[in-house]
Each structure stands twice: as C-alpha cells, then as structure tokens.
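Chain by chain, the residues:
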Amino acid sequence: MFGWRWLSGLTLSLVSLLAVATGVAFIVSIASLQERPPDVPYVPTPYEVVREMLKVARVGPNDIVYDLGCGDGRIVITAIKEFRAKRGVGVDIDPQRIRESNENAQKAGVTDRVRFLQQDLFQTDIGEATVITLYLLPSVNLRLRPKLFRECRPGTRIVSHDFDMGEWEADRTLRVRGPYREHTVYYWVLPAGVAGTWRWSVSTPQGERRYALRLRQRFQKVSGEVAADGQATPITNAQLVGTHLRFTVIREIEGQKVTMRFSGQVSGDTVRGTVTIQGGPFAGKREWVAKRDPVNLEGTWRWQGGALRIDRRNGAWTATYLQGDRRTLISDFYVWGAGIYLTVENGGTVTAEGVVDGNRLTGTWDGKPWVAIRAKD
Ligand SMILES: C[S@@+](CC[C@H](N)C(=O)[O-])C[C@H]1O[C@@H](n2cnc3c(N)ncnc32)[C@H](O)[C@@H]1O
C-alpha cells in the first residue's frame, strides 16, 4: 500500500532499523512515562541533509519552521542559525529529546527564537508554520497528510527526509550524499483548492465573450477545460504551486490559432493575474480576473453503491461512508474548492475523487466513473 518497492535497499535497512528501534523506544518510553510510545524512533538527520532540506524550501527571514518529531532540535536550530529563519518550533513526544533540544538551543544561542514542545505531533497546532520538516515513516506521513491540508495555509512548504506522501507526488525530489549513504529529500508546496467552475468575460468588438473554466484537482495536479461560444478546449501545461495557478489554452478564433497563457494568484473564490495571448485578433497581455461559482458540499450524496455524508463542523470538513448499517468515518478526506478526494478501507484501499456542481457529484470511485446525487434530507 505504501509503495515499498521504491525503497532502496539502504532505505529498507533503515526502515528495519527504525522498526527494531520502535520496540526499544516503546520500552524506554514506558520507563520515562511518555504520554504514548513514539510512532518513529530517534534517528538524527545528518547535517548535510538538514542543510539541503532547508535549502530546497528556501528558508529565510520570514519563515516559521516546524520540525514534527524534532529529535535533538538540529533542524530548527540550523534554520535559525544558518538560514536566519524568524522562528522555529520543534515537537517531540520523547522528553529526553526535548531536554537535548533545549540544551542545544542554549549552546547555539538561539533560545529567544525557538520553542520545543513535548507533545504528540498529531495534537500540535501547525497552522502558523510556513515550512514543515519531517523525518518520520511512510505510514506516519500518510496519517499526517490530511492534517497538513486541514491546518496549513496554501503555499506552506513541506520537506521530508527519505519518505514520500503516497499519491501526493513531490514537487521536487533530491538525492543527497550523507556520511554513510545516499538520502532522499522530498519537497512539496501545499496547493490551494482550485476545483470548480471559474468564470470571466472579455469585451470584444462583437460584444461580451464569456468564458467558463472547469477544473478538477488531485493534490497539486490540475486538469480541465475552458468553454467559450459553445466550444470547450482542454487546458494544457496546468501547474499549481501553492496559490499560483498557470495553464495554457490553444484554440482557433476567427480561423487563426490563438495561444492563451493564463497565470494568476488564487485567493478564496477569486483568481487574479494576467493572460498573454499570441495570435488572433486579441494578441497582447491583459489583466485576468475570474470568480468561482459558489458551491455547497454539505449533505448526503447517494449512488448505487452507498452514500457519502459530508459535514462542516467548527470550520473542519468531515466525511462518513455509509453502506447499509455500516458507517465509516473517513480520516483521509480532502476538500479543494468544489472538489473532494478521499481514501477509505473497504476490503482494500479505495480512492475516490469528484467535483460538485449543484446537486451532482461526478468523478471516479475506485477508478470507475462515479455519479452521486445530493439527497433531499
Ligand atoms: C527519525 S527521528 C527525526 C529527528 C529529527 N527530525 C531529525 O531529522 O534529526 C523521529 C523523531 O520523532 C519523534 N516522534 C515519533 N513519534 C512522535 C509523535 N507521535 N509525536 C512527536 N514526536 C514523535 C521521535 O521521538 C524521534 O525523535
């Protein structure tokens, strides 16, 4: 399930080491009366790799860096000392690690800009972080993934040593030579939610030309089409980096090939930027502002195979899969504008994604076409 095949032999041996050490850490943790055993044992990231992790995230004076499972505090301390980050927060469940982190911060003279918290990283409020660093395990990264999307702002940079995030592909992957082996560094920028229908219009001598852009989204991967004058054209080269959306539309206007390159910043239900047009009667660069159609995701969505209940409570989305009398709360659930994405255990892992338009949800469930209708309840 976690794509173990890609792990190199060396990484596999690290994973075995981590597994053995987890057992040891369990016993040690009982001895030190931690709130619960760590999900991952302590293995420090070599400094060469720490520096590459902070470099790929371009850590600088505006950044608040969180290391979830901070060990001896080396990542946040290096972020302050060498990358001039504004502040750093390290979280570790093991009190021994927190003691070491505080001692190291003292030695480095950075105590005024770092905080070390002894707590379970799954309970930590991470909303203020601009950069999050991780050296956990593939399964722990996957458990953390929905929390990152729930709590962090779009544009937050995330760096993980050695382990990926499953279907959320990294924006960049680096190999870094350490003292004993080659390490892998994964880097992501948390994408904004852009799924849904975006509309704008352009004044032409023939009158107002109305455009509708329908976007689907899976993490930072975006696809869709632009419709105008009854003609729909797929978008190409779509790229979503944090809140920055770009895509290209190539179509024929009045018998001429026209290439339109859109680039804008997404803020809630507005995208604002420019379109550069090559060819055709409107060539040039102009302002582009589009608004997303309002959408309501809440309710019970029914199809032949079951139903999905979506609610929003205290600002957080929840989803429950209903099958006969069985109700499964879906922990791996994401909302991206008008789009949803989830994985659920149902005799194997099932992945589903869809976009809501009015009372209709269309997408795929376990790779097959999926249409659900909102029940009138
Ligand atoms: C592999 S070490 C990484 C240490 C540090 N980030 C580094 O890269 O040098 C993982 C750390 O996560 C901590 N840890 C494991 N599970 C945790 C949890 N649920 N909450 C907080 N810390 C945890 C462990 O105590 C350990 O120090």
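Position numbers for residues count from 1 along each chain, tracking the sequence in the order it is written. Only residues with pLDDT of at least 70 are given local features in this predicted model, and only at 80 or more are side-chain atom pairs given and counted; all residues enter the totals for whole chains, interfaces and linings. Excluding hydrogens and water, the side-chain values take into account all heavy atoms of the structure.

Going by what an unreviewed UniProt entry lists, the protein chain is known as Ribosomal protein L11 methyltransferase and is assigned to Candidatus Fervidibacter japonicus.

Participant: Got a minute to help me understand the overall build of the protein chain in this structure?
Facilitator: Numbering of helices and strands starts at the N terminus; helices are DSSP runs of H or I of at least 4 residues and strands are runs of E of at least 2. Scanning the protein chain from terminus to terminus reveals five helices and 25 strands. Projected onto its principal axes, the C-alpha coordinates of the protein chain cover approximately 75 × 55 × 40 Å. Residues classed as buried in the protein chain amount to 51% of the 377 residues present. Any pair of residues with heavy atoms lying within 4.5 Å of one another is described as a contacting pair. A separation threshold of at least 6 residues defines the contact pool for the protein chain, and within that pool the share at least 24 residues apart is 50%. All accessibility values rest on the Shrake-Rupley procedure with a 1.4 Å probe; residue burial counts only the protein chains present in the view. About 18200 Å² of surface is accessible on the protein chain, with carbon and sulfur atoms providing 50% of the total. Measuring between centres, the 51 positive side-chain charges of the protein chain sit 4 Å from its 40 negative side-chain charges. Exposure categories follow from relative accessible area, calculated using a 1.4 Å probe and restricted to protein chains: below 20% of the type maximum is buried, above 50% is exposed, and the middle band is partly exposed. The sign given to each residue is positive for Lys and Arg and negative for Asp and Glu; His and the chain ends receive no count. For this purpose, a charge sits on NZ of Lys, CZ of Arg, CG of Asp or CD of Glu.

Participant: How should I be thinking about the UniProt feature "domain: Methyltransferase" (unreviewed entry) in the protein chain in this particular structure?
Facilitator: Within this numbering scheme, the UniProt entry marks residues 62-124 as carrying the feature "domain: Methyltransferase" (unreviewed entry). From the first C-alpha to the last, residues 62-124 spans 21 Å; its make-up is 35% helix and 25% strand. UniProt positions are given in the numbering used here, feature names are shortened, and annotations may be inferred rather than shown by experiment.

Participant: Teacher, can you tell me more about the environment of Glu345 here?
Facilitator: Within the fold, Glu345 resides in strand E22 (residues 339-345). Each C-alpha atom, one on Glu345 and one on Ile330, is 8.7 Å from the other, the two residues being 15 residues apart in sequence. Two N or O atoms form a polar contact when they lie within 3.5 Å of each other; inside protein one atom must be a possible hydrogen donor and the other a possible acceptor, and for residues adjacent in sequence the pair counts only when both atoms belong to side chains. Side-chain polar atoms of Glu345 contact the side chain of Thr349, separated by 2.8 Å.

Participant: Explain the packing of aromatic side chains here, please?
Facilitator: Geometrically, a pair of aromatic rings is defined through the distance of the ring centres and the angle of the planes. In this scheme Phe, Tyr and Trp rings, the latter by its six-membered ring, pair at centre separations within 6.5 Å, and the angle between planes marks the pair as stacked below 30 degrees, edge-to-face above 60, and tilted otherwise. A full pass over the atoms with the stated rule returns 25 aromatic pairs. Relative to Trp365, the ring of Trp303 lies with its centre 4.9 Å away and its plane at 50 degrees, an arrangement referred to as tilted. In this pair, Trp303 is assigned in strand E17 (residues 299-303) and Trp365 in strand E24 (residues 360-365), connecting sequence segments 62 residues apart. Taken together, Phe149, Trp168, Tyr186, Trp188, Phe219, Tyr334, Trp336 and Tyr341 form an aromatic cluster joined through their ring pairs.

Participant: Before we go on, may I ask you to explain the site of the ligand in this structure?
Facilitator: What surrounds the ligand is a group of 23 residues, the closest being Asp39, Thr45, Gly69, Asp92 and Leu121. Between the ligand and Gly69, the relevant distance is 2.6 Å, taken from a nitrogen atom to a main-chain nitrogen or oxygen of the residue. Residue Leu121 places a main-chain N or O atom 2.8 Å away from a nitrogen atom belonging to the ligand. In the complex, 100% of the free accessible area of the ligand, which totals 600 Å², lies under the protein chains. Here the residues of the shell around the ligand sort into eleven nonpolar, four polar and eight charged. Here a residue is near a molecule or strand as soon as one of its heavy atoms is found within 4 Å of it. Polar here means any residue other than Ala, Val, Leu, Ile, Met, Phe, Trp, Tyr, Cys and Pro, which are nonpolar, and Asp, Glu, Lys and Arg, which are charged; Gly is therefore polar.

Participant: Even after reading the chapter, I still don't get the side chain of Thr248, so can you show me in this structure?
Facilitator: Checked against the element boundaries, Thr248 lands in strand E13 (residues 244-253). Given a relative accessible area of 6%, Thr248 falls into the buried group. With residues near it in sequence (within four places) discarded, Thr248 still touches Pro234, Ile235, Thr236, Asn237, Thr259, Met260 and Arg261.

Participant: Help me out: how do you make sense of the environment of Gly284 in this one?
Facilitator: One can find Gly284 in strand E16 (residues 284-292). Classification of Gly284 as partly exposed rests on a relative accessible area of 30%. Sequence separation of Gly284 and Val222 is 62 residues, and the distance between their C-alpha atoms is 25 Å.

Participant: What am I meant to see in the nonpolar core here?
Facilitator: Inside soluble globular proteins, nonpolar side chains tend to come together where they are buried. Counting residues in hydrophobic clusters, the biggest one holds 31 residues, and the most contacted among them are Leu68, Ile132, Leu148, Ile158 and Trp168. For this core, the elements supplying multiple residues, two or more each, are strand E1 (64-68), strand E2 (87-92), strand E4 (131-134), helix H5 (138-151), strand E7 (182-189) and strand E21 (332-336). Per-element tally for this core: the top contributor is H5, with four residues. Summarising the domain contributions, this core has at least three residues from each of domain 1 (45-189) and domain 3 (299-374). Grouping buried Ala, Val, Leu, Ile, Met, Phe, Trp, Tyr and Cys residues that are joined through side-chain atoms within 4.5 Å yields what is termed a nonpolar core. Boundaries of every domain are those given by an automatic assignment or by a domain database.

Participant: Got a minute to help me understand the pairing of E22 in this structure?
Facilitator: In summary, the side chains of a regular strand alternate between the two faces of the sheet. With six of its seven residues buried, E22 lies for the most part within the structure. Between E21 and E22, which pair antiparallel in sequence order, lie two residues; one of them, Gly337, sits at a positive phi of approximately 65 degrees. Should DSSP find at least two bridges between two strands, the strands are taken to pair.

Participant: For this particular structure, what's the right way to read the domain arrangement of the protein chain?
Facilitator: Interface size is commonly expressed as the accessible surface area that is lost when the partners come together. Taken domain by domain, the protein chain comprises domain 1 (45-189), domain 2 (197-292) and domain 3 (299-374). The distance between the C-alpha centroids of domain 1 and domain 3 comes to 32 Å. Domain 1 puts five residues into the contact, and the matching count from domain 3 is eight residues. Three residues stand out in domain 1 for area buried against domain 3, namely Arg145, Pro146 and Phe149, and they jointly supply 67% of the buried area on that side. Once two parts are joined, some of their accessible surface, as seen by a 1.4 Å probe, is lost; buried area is that loss totalled over both.

Participant: Explain the pairing of strand E6 (residues 172-177) to me, please; I cannot follow it from the model alone.
Facilitator: Bridge analysis of E6 against E7 gives six bridges, and the strand direction is antiparallel. Bridged to Arg175 within E7 is Thr184. Between the antiparallel neighbours E6 and E7 lie four residues.

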